[in-house]
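# Inside the fold
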Amino acid sequence: MTSKLATDDSLVCDILRSSLQRHVDNNDHQNTFIIDTLNQSSNLIQRLGSEALSIAEQPSTIEQSSLADCDENDLSSSLSTLSTQSLSTCQSLLLLVNQLNSRSKSKKTSGDSWRTLQSVIDRSICIKNNEDSTALFAILSLGMTLSHMNAETACTKMIASAIIPQSPLFERDQIVSYSDDTHPLVKLVARDSIIVMLRRAVEYSIDLQTIVKIENAFGVGSDQDNELGIAVANVVQDIFGKGYCSSDPNNNDDEMSSEGISKERASPALALVAQCRPFPHIHADKLIRVAAADLDLWYSAELVVDASIASVTSDKISTAGKMATCYPKIDSSDLIPSTQAIDSRLGDETIAHLAARALIDTALDLRLYRRADLFASKFYSFGGPERYAEARFMHACDTITKVVKRRQPQIIDKQVMRIDDSVDDGSPGNVNGKCQPLPDLISEAADLAKEFNSLLQSGDTVGFDCEWGDDNGVAVLQLSTCSYSILIDIPALGSNSEGCNILTATVGTLFAGLTDTRYLIGFGCKEDIKRLRDSPCSRPVHWFPHNSAAQDLRPLIAEVSPSLGIKGGQHLGLSRSTETFLGKQLDKAEQCSDWMARPLSVEQREYAALDAWSCAAIHTKIIEKRYNS
């Protein structure tokens, strides 16, 4: 079974020709390099197609294009061959996926299909680094072909996810000049190709999800790229309507109905807004309201707010990215600039302020008070203290109403205290504390080495906690001092030898007591230790040590607070301990969420980091109390 394209096989040829035009003129050396790279990319793509057909269980009717007739010194010929080869290889991959899926509809079979597809692609197109132009041009060409396929949508998306890397290949920085040698040619071509595809997306049926994947992989989006911003804004206008773009001279709210908006197309469009930041050309606040209220795309709306904050702080405040989610540091006076200082330096009517207020107000209007409370806390610097207090008050009232019906009056006092704290203290985590950035999930060996070194330098007491997966292993390991947190993707790192080596050198040495860390603290951590030993490891000798230097916090709590730690603290919870020693409870709403899902949500990352941080913070509080007494 083959798939039809929305256009003929000259698709990639046309897009790449227009994208390469500004790079090939009057530069023979560059021309030769481009032609050689395109020819090598065609060879890679042909190898991938042949590999897919060899695994298919029935004879294929797909004719693999021949490279023999290609003029190796002619750019047009090379482009034509690359386009034809991309089409035939995508058809071969579709045939393979359809055959694999036809065996059964079970989840196990679906997983087997994915692993088979991924192994075929990895054997044929292996990216060594972001300077591997041959592989990168092959990925770009296949991605563009897949974006124009209008059949077997689920299968084409599956193939696109397997071919296009999920992690960014390049730094997301502004492309200032096309004569600037600091930007690889393939990134410049990817940027121009994305603009062409976005323009086509307004007129033709093109898969925006695949374009989002290509943009994320090549990192071409920038809030100062006017041409790309206009292309994204035109897509927004096509999907949502004229009222959402600043190009609408009348700014007519009558054209802002959500009726007829395709949620399937709106979601990737919002992802493009978050990645490319075309804020001078759109009304982000209006877009956020319709995305959240009418389309129920809360996560996408939140990403747009995150992007708007990054766009106004990245060049103006040295602490950009550190104010979104904060964890208090015990007895610390060395504050970063306060939220009030941040507001005064930026003004209070930036796109970030409008976007944050729109998201919070929408949640309040829909009486989603818990969600409004979360947003008002996270975006306190831009939503303001009034919205924070209102959201906290409404959340508390809503909770009190529920607990009264359940006859749980003891919870009412805690809700009242939360409101008092919001009025007295202002922003959570910004009073007598130091703001700490919300950590990303680490799945690469180099990133773990760097972040682990920063963790050890930030303090001599490390708290840890684990979130479990579906099997006996650990899905996420959290490590935190009182001022720095990291989240480690154990399944990803444990699946390869490089990851196991870095786990041994970092987590293994920490738990073996071979670092300068003075205290390694968990909370009821016996099962966590067992699951760490049972976690994935791709080599014979496991990366986790046989004997662990970790200490359980509960006996220490029972020692210093006998009434709280009855029976050695066996029945004591971390949330209650945090409330006793630090003054605030932990929100355990994310405890039973899917920790094997990738990427983790903002709420999951915040929950995980706070659990490990609480262990370090409580232990530090107890030690300080002992020392002072």
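Overview of the structure. Note that this is a predicted model, so its numbers are computed, not measured. (Residues numbered from 1 in each chain as written. Predicted model: local features only at pLDDT ≥ 70, side-chain atom pairs only at ≥ 80, totals over all residues. Heavy atoms only, no water.)

As a further point, take the overall build of the protein chain. When you go through the protein chain residue by residue, the secondary structure sums to 25 helices and six strands. Looking at the protein chain as a whole, 52% of its 629 residues are labelled buried. For the protein chain, long-range pairs separated by at least 24 residues make up 73% of all intrachain contacts whose partners lie at least 6 apart in sequence. (Helix = DSSP H or I, 4+ residues; strand = E, 2+ residues; numbered from the N terminus. Buried < 20%, exposed > 50% of the residue type's maximum accessible area, 1.4 Å probe, protein only. Contact = heavy atoms within 4.5 Å.)

For soluble globular proteins, nonpolar side chains are generally found buried alongside one another. If you look at the biggest cluster of nonpolar residues, it comprises 114 residues, and the most contacted ones within it are Leu16, Ile163, Leu198, Phe218, Phe240 and Leu359. In terms of residue count, helix 7 (residues 185-203) provides more of this core than any other element does, ten residues in total. Core analysis: the second largest hydrophobic core is formed by 27 residues, Leu455, Leu479, Phe511 and Leu520 among them. (Core = buried A, V, L, I, M, F, W, Y, C linked by side-chain atoms within 4.5 Å.)

To continue, consider the pattern of salt bridges. This structure, assessed with the given rule, holds 18 salt bridges. A salt bridge links Lys530 to Asp534, with the nearest nitrogen and oxygen atoms 3.4 Å apart. It is possible to trace a salt-bridge network through shared partners that takes in Arg191, Asp192, Arg199, Asp225 and Glu227. (Salt bridge = Lys/Arg side-chain N within 4 Å of Asp/Glu carboxyl O.)

Further remarks concern the environment of Ile230. Counting through the fold element by element, Ile230 comes out in helix 9 (residues 226-240). For the pair Ile230 and Ile282, spaced 52 residues apart in the sequence, the C-alpha separation amounts to 9.0 Å.

Right, let's talk about the pairing of strand 5 (residues 519-522) for a bit. Burial along strand 5 is two-sided: the residues Tyr519 and Ile521 and Leu520 and Gly522 are all buried. In this sheet, strand 6 (residues 551-552) lies alongside strand 5 in parallel orientation, the contact comprising two bridges. If you follow Gly522 over to strand 6, its bridge partner there is Asp552. Note that the unit made of strand 5, helix 22 (residues 526-533) and strand 6 has a crossover that is right-handed. (Pairing = 2+ DSSP bridges. Right-handed = clockwise from strand over helix to strand, strands pointing away.)

If you check helix 19 (residues 445-457), its first and last C-alpha atoms are 19 Å apart, about what 13 residues at 1.5 Å a residue would give, namely 18 Å. Taken residue by residue, helix 19 has Ala445, Leu448, Phe452 and Leu455 as its buried positions. All buried residues of helix 19 fall inside an arc of 80° around its axis, so they share one side. Structural note: helix 19 exposes Ala446, Lys450 and Gln457 on the side pointing more than 90 degrees away from its buried face. Among the structural elements, strand 1 (441-442), strand 2 (461-468), strand 3 (474-480), strand 4 (485-489), helix 20 (490-494) and helix 21 (497-511) are those in contact with the buried residues of helix 19. (Expected span 1.5 Å × (residues − 1). Arc of directions from axis to C-beta.)

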